[in-house]
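Fold and contact review
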Amino acid sequence: HALYEKDKSIYFEQMSFRIQGELEPDIAEQSINELLKRHDILRTVFVHENTDRPLQVLLIERLIDFFYIDLRKIQGSKAGESQKKSYREELKNKDRRRSFDLGRDVMMRVTAILVNPCDYELIWSYHHILMDGWCISILISEFFTIYNAFLQRKTYQLPSAKPYRVFIQWLEKKDKKESKEFWRTYLDSYEEVVCIPRLHVFKPGNHPYKIKSLSFLLGREKTITLNQLAAKNHLTLNTIVQAGWGILRGKYNRKQDVVFGAVVSG
């Protein structure tokens, strides 16, 4: 999807958070580079031209794109909070527009911004092809462990990272024919498409991907109930939402059996 529409940032992920206290930019950059040493996948690029199949190529060494910005030097000491916020938002937008070249770039970059004395914002961007939200929390936790150790000129203590090749080897050994046969049998005799009734007939063709979102609030009581339902059944909220979506489609089509597609990272 990223290659089909290179001008879209549909798989560009960006998060930011504030840090209160002193931050040493050089040590922060060194700490993130240590993450690249620890985790092979962070040093990979994706080659897809002139090959029989796309290749994820592991490079021996990669250095993070790390940027440090002191807003006091750019905007002056008298800049207001609204000016600072506008500058940071524009910086994030430029970062999104830049996106990533899958075949060349380091697909993770970090910008540290000194907003006020002892007040920093860290903008952490990455491509979804490398990792998802589950991974970023691990990396940030490791980053602070490494950073604090380097700050004290000590050796950091973390469990050894499993080489990425171990996962690839496991993946390659999976019997794809067996998996395909399992789902063919599981879905045998399921022949109807259940859908939401449309006001307009969709015409096939070359339609560009368009991001659209609808936001609404469920309220505190319903949110608590859904969280309790998920926890009780050892599920995520995403699974609860998909179950609800399946029930809704079943109601619209008067069916007990509902199959629908979803793109997942994994």
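As a starting point, this report considers the structure included with it. (Residues numbered from 1 in each chain as written. Predicted model: local features only at pLDDT ≥ 70, side-chain atom pairs only at ≥ 80, totals over all residues. Heavy atoms only, no water.)

As for the overall build of the chain
The helix and strand tally for the chain stands at eight helices and six strands. Starting at the N terminus and ending at the C terminus, the chain contains elements arranged as β-α-β-β-β-α-α-β-β-α-α-α-α-α. For 266 residues, the compact-globule estimate of 2.2 N^0.38 gives 18 Å, and the C-alpha radius of gyration of the chain, at 23 Å, exceeds that figure by more than 25%. With respect to the principal axes defined by its C-alpha atoms, the chain has extents near 65 × 45 × 45 Å. In the chain, which comprises 266 residues, the share counted as buried stands at 29%. When contacts within the chain are restricted to residue pairs at least 6 apart in sequence, long-range pairs at least 24 apart make up 66% of them. (Helix = DSSP H or I, 4+ residues; strand = E, 2+ residues; numbered from the N terminus. Rg over C-alpha atoms; globule rule 2.2 N^0.38 Å. Buried < 20%, exposed > 50% of the residue type's maximum accessible area, 1.4 Å probe, protein only. Contact = heavy atoms within 4.5 Å.)

Quick word on the nonpolar core
The biggest cluster of nonpolar side chains holds 37 residues, and the ones touching the most others in it are Ile-32, Leu-42, Met-108, Leu-122 and Trp-124. Every element with two or more residues in this core is listed here: strand E1 (12-20), helix H1 (25-38), strand E5 (108-116), strand E6 (119-127) and helix H4 (133-151). If you tally residues by element for this core, the top one is H4, at eight residues. Formed by five residues, the second largest nonpolar core is a distinct cluster that contains Ile-69, Ile-113, Val-115 and Ile-123. (Core = buried A, V, L, I, M, F, W, Y, C linked by side-chain atoms within 4.5 Å.)

Quick look at the packing of aromatic side chains
By the definition in use, this model includes eleven aromatic pairs. With a centroid separation of 6.4 Å and an interplanar angle of 55°, the aromatic rings of Phe-17 and Phe-144 are classed as tilted. In this pair, Phe-17 sits in strand E1 while Phe-144 sits in helix H4, placing the two residues 127 residues apart along the sequence. Through pairs of rings, three or more aromatic residues link up here, namely Phe-17, Trp-124, Phe-143, Phe-144 and Tyr-147. Positioned above the aromatic ring of Phe-100 is the side chain of Arg-109, whose terminal nitrogen or guanidinium carbon lies 4.2 Å from the ring centre. (Phe/Tyr/Trp six-rings, centres within 6.5 Å; stacked < 30°, edge-to-face > 60°. Lys NZ or Arg CZ within 6 Å of the ring centre and 35° of its normal.)

Structural notes on the environment of Leu-55
Within the secondary structure, Leu-55 sits in strand E3 (residues 55-58). A sequence separation of eleven residues divides Leu-55 from Thr-44, and the C-alpha atoms of the two residues are 9.8 Å apart. Setting aside residues up to four positions removed in sequence, Leu-55 forms contacts with Val-45, Phe-46 and Val-47.

Considerations on the pattern of salt bridges
Counting across every chain of the model gives 15 salt bridges. Across the pair Asp-70 and Arg-72 runs a salt bridge, and its minimum N-O distance is 3.2 Å. Note that Glu-121 is salt-bridged to Lys-92, the shortest N-O span being 2.9 Å. Here Glu-121 is found in strand E6, whereas its partner Lys-92 is found in helix H3 (residues 81-98), with 29 residues between them in sequence. Among the ionic contacts, a cluster of salt bridges with common partners joins Arg-88, Glu-89, Lys-92 and Glu-121. (Salt bridge = Lys/Arg side-chain N within 4 Å of Asp/Glu carboxyl O.)

Some points on the packing of H1 against H4
Axes are the key here: two packed helices are described by the angle between their axes and the distance separating the axes. At a minimum axis distance of 9 Å, the contact between H1 and H4 shows a crossing angle of 125°. One element, H1, and the other, H4, form an angle in the oblique class. The handedness of the crossing between H1 and H4 is right-handed. Along the contact surface, H1 presents Ile-27, Ala-28, Gln-30, Ser-31, Ile-32, Glu-34, Leu-35 and Arg-38, while H4 presents Leu-139, Glu-142, Phe-143, Ile-146, Tyr-147, Phe-150 and Leu-151. (Axes fitted to C-alpha atoms, helices over the stretch in contact; angles between N-to-C directions. Parallel < 35°, antiparallel > 145°, perpendicular 65-115°, else oblique. Left-handed = near helix turned anticlockwise from the far one by under 90°.)

Regarding a nonpolar patch on the surface
Nonpolar side chains collect at one region of the surface, where Phe-182, Trp-183, Tyr-186, Leu-187 and Val-259 lie side by side and expose about 540 Å² of accessible area between them. Within the element layout of this structure, Phe-182 appears in helix H6 (residues 176-186). You can call Phe-182 partly exposed: its relative accessible area is 47%. (Patch = residues over 30% accessible without salt bridge, like charges linked within 9 Å, V, L, I, M, F, W, Y side chains within 5 Å. Areas by Shrake-Rupley, 256 points an atom, 1.4 Å probe, with all protein chains shown as cover.)

What about unusual backbone geometry?
You will see that Cys-118, though not glycine, has its phi angle at about 60°, which is positive. You can see Cys-118 is positioned in the loop between E5 and E6. Judged by its relative accessible area of 34%, Cys-118 is partly exposed. Not every positive phi belongs to a glycine, and His-234 is a case in point at roughly 55°.

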